[in-house]
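Chain residues, written in single-letter form:
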Amino acid sequence: MYEGIVQELIDEFGRLPGIGPKSAQRIAFHILQTESVDVARLSEILGQIRTRVHFCEICGNVAEQETCSICRDPRRNQTLICVVEEAKDVVAIERTREFRGLYHVLGGAISPIDGIGPDDLRIRQLMQRLADGTVVEVILATDPNLEGEATATYLSRLLTTLKVKVTRLASGLPVGGDLEYADEITLGRAFEGRTVIG
Amino acid sequence: MAIYRDEAVVLRTHKLGEADRICTLLTRNNGKVRAVAKGVRKVGSKFGARLEPFMVADIQFYEGRTLDTISQAETLGSYGAPIVADYALYTTATAMVEAADRLTETDPAQRQYLLLVGALRSLSRGEHSPTLTLDSYLLRALSIAGWAPSFQDCARCGRPGPHARVMVQVGGAVCSDCAPQGAAILDDATRELLIALLAGAWDLTEDVPEQVQKRASGIVAAYAQWHLDRSLRSLDHLDGSQAHTVAAVPQSTPPSVPEPKATA
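Residues numbered from 1 in each chain as written. Chains lettered and ligands numbered in written order. Predicted model: local features only at pLDDT ≥ 70, side-chain atom pairs only at ≥ 80, totals over all residues. Heavy atoms only, no water.

A. Representation of unusual backbone geometry in the model. All names here are of chain B. Phi angles above zero are rare outside glycine, and Phe 54 is one such case at about 75°. The phi torsion at Asp 207 lies on the positive side, around 60°, for a residue other than glycine. Inspection of the secondary structure puts Asp 207 in the loop between α5 (188-199) and α6 (210-227). The exposed category is assigned to Asp 207, whose relative accessible area is 80%. (Helix = DSSP H or I, 4+ residues; strand = E, 2+ residues; numbered from the N terminus. Buried < 20%, exposed > 50% of the residue type's maximum accessible area, 1.4 Å probe, protein only.)

B. Local environment of the sheet that holds strand β2 (residues 20-27) of chain B. Residue and element names in this part refer to chain B. In space, the five strands of this closed barrel follow the order β1-β2-β3-β5-β4, with mixed pairing throughout. Averaged over all pairs of adjacent strands, the angle between strand axes in this sheet comes to 50°, irrespective of strand direction. Sitting on the sheet, helix α3 (residues 110-125) touches β1 (3-16), β2 and β4 (55-62), and the angle it makes with β1 is about 60°. (Pairing = 2+ DSSP bridges. Axes fitted to C-alpha atoms, helices over the stretch in contact; angles between N-to-C directions. Contact = heavy atoms within 4.5 Å.)

C. Focus on the nonpolar core. All names here are of chain B. Val 9, Ile 83, Tyr 90, Leu 116, Leu 120 and Tyr 137 are the most contacted members of the largest nonpolar core, which has 92 residues in total. At 10 residues, the largest contribution of residues to this core is made by helix α2 (residues 87-103). Excluding residues within four positions of it along the chain, Tyr 137 makes contact with Met 96, Ala 99, Ala 100, Gln 112, Leu 115, Leu 116 and Ala 119. Counting 16 residues, the second largest nonpolar core, distinct from the first, contains Ala 8, Ala 37, Ala 57 and Ile 59. (Core = buried A, V, L, I, M, F, W, Y, C linked by side-chain atoms within 4.5 Å.)

D. Spatial organisation of helix α4 (residues 130-144) of chain B. Residues and elements named next belong to chain B. When the terminal C-alpha atoms of α4 are compared, their 21 Å separation across 15 residues agrees well with the 21 Å that a helix rising 1.5 Å per residue should span. Taken across its 15 residues, α4 has 11 buried, putting it largely inside the fold. Along α4, the residues that are buried comprise Thr 131, Leu 132, Thr 133, Leu 134, Asp 135, Ser 136, Tyr 137, Leu 138, Leu 139, Ala 141 and Leu 142. Among the residues trailing α4, Gly 146 stands out with phi positive, at a value near 105°. (Expected span 1.5 Å × (residues − 1).)

E. Molecular detail of the pairing of strand β5 (residues 68-78) of chain B. All names here are of chain B. In this structure, strand β3 (residues 32-37) lies alongside β5, joined through two bridges in parallel fashion. Looking across to β5, one finds that Val 36 is bridged to Thr 69. Counted along the chain from β4 to the antiparallel partner β5, the turn is five residues long.

F. Layout of the interface of chain A and chain B. Each side of the interface is counted separately: chain A has 25 residues, and chain B has 31 residues. Sorting the residues of chain A by area buried against chain B places Pro112(A), Ile113(A) and Leu146(A) first, and these three jointly supply 33% of that buried surface. Summed over the shared surface of chain A and chain B, the number is two salt bridges. With a closest N to O distance of 3.6 Å, Glu184(A) and Arg50(B) form a salt bridge. (Buried area = accessible area lost by both parts, 1.4 Å probe. Salt bridge = Lys/Arg side-chain N within 4 Å of Asp/Glu carboxyl O.)

G. The pattern of salt bridges, seen in detail. Within this structure, the stated rule accounts for 20 salt bridges over all chains. As a salt-bridge pair, Glu149(A) and Arg168(A) come within 3.3 Å of each other at their nearest N and O atoms. Here the residue Glu149(A) occupies a position in helix α7 (residues 146-159), and Arg168(A) occupies one in strand β6 (residues 165-168), the gap between them amounting to 19 residues. With a relative accessible area of 29%, Arg168(A) lands in the partly exposed category. One connected set of salt bridges, linked through shared partners, spans Asp114(A), Arg12(B), Lys32(B) and Asp101(B).

Next comes the structure, spelled out in structure tokens:
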């Protein structure tokens, strides 16, 4: 145990996800040894983050204005919506530079065991976005785990009532992996989604 | 560190750190086990989908001080994919694994394991309606846990039935002498369905009217809620057509819990 504020700082860092007591101590001592100007900048950002960052009114992505930069960009394809669970997934897809449409962040996945049902996600807002008929395709990019698949199943059932094409991201073998280590479900999916190359 | 191997069904998972998960598993011989699956959330994980909920796998663990660690897993029953392709099956299976999680501890629970695997298999194959499969599972899982209901003889005094009232607080059907004011009505069709579900007599559950199924489901939900102290959260999220609400049980006046009968 350290005295006063040092221990308080270690305790606060220790509450962050993925940071254990040793890491918290290391970060705290790093800050103690850092130039005061850098610490002041960090402190300023931490102070502002909660007031400056909002969730986009349209898609639910993180934004500094009422709408995010993607929703404001007129060059994006307005007829495509990619549905993801978290704002982190938007960044992952943007890194691919393959998708030029819009996003919709659900804010999680359906997980009845955790008390999260369809009403707890931004599904109603998605349906409102689709109401005017501009969007022709909805890409379901929820996580390829059980909750993500169940959410995609629920959404596809809901969206088939609208005149919109519903697609799901392909799943299969990871690039750079060995076939013998693939589990049965992944390998089965890879067979289902095989493509013609010759 | 000791290494052990067991068959297990995955009940639920929690995220841990950057890429790991804590899996809660119901094993055949070691009861409920919580174990870490390292790197399972990475795209190239060697575990892949083998440690998703509803999967049955042959797993090698090595013991840790607080949590065990999963070192290998081979699929024995792949029920997740067909279940998750149907939303009603998914919500039903989730209620089953939540019940199994609440009814088991670290003591060996082979009968609970076999019952759950059988129920998930039946659900994934679409052998019976999801609602009936869940009701049967809950009644039988509660019975194995020591809370077997009685829908024929009086659950309080043992008088041979059939009886026209049910009181989940005392364990099932109650005779006219034992029934307190406000005890729910138990009609013949609902009683026969409940007895069939408890015994696993599936041929007697076919062609049962939907209203009867709803009343039976209401009684099962109330029975599970009473014995598990608090309700199963998954029951609130069952697909629209599946009624598992206590309100489905017809009651004349507000129920009151009877005092235990004095024994001579």
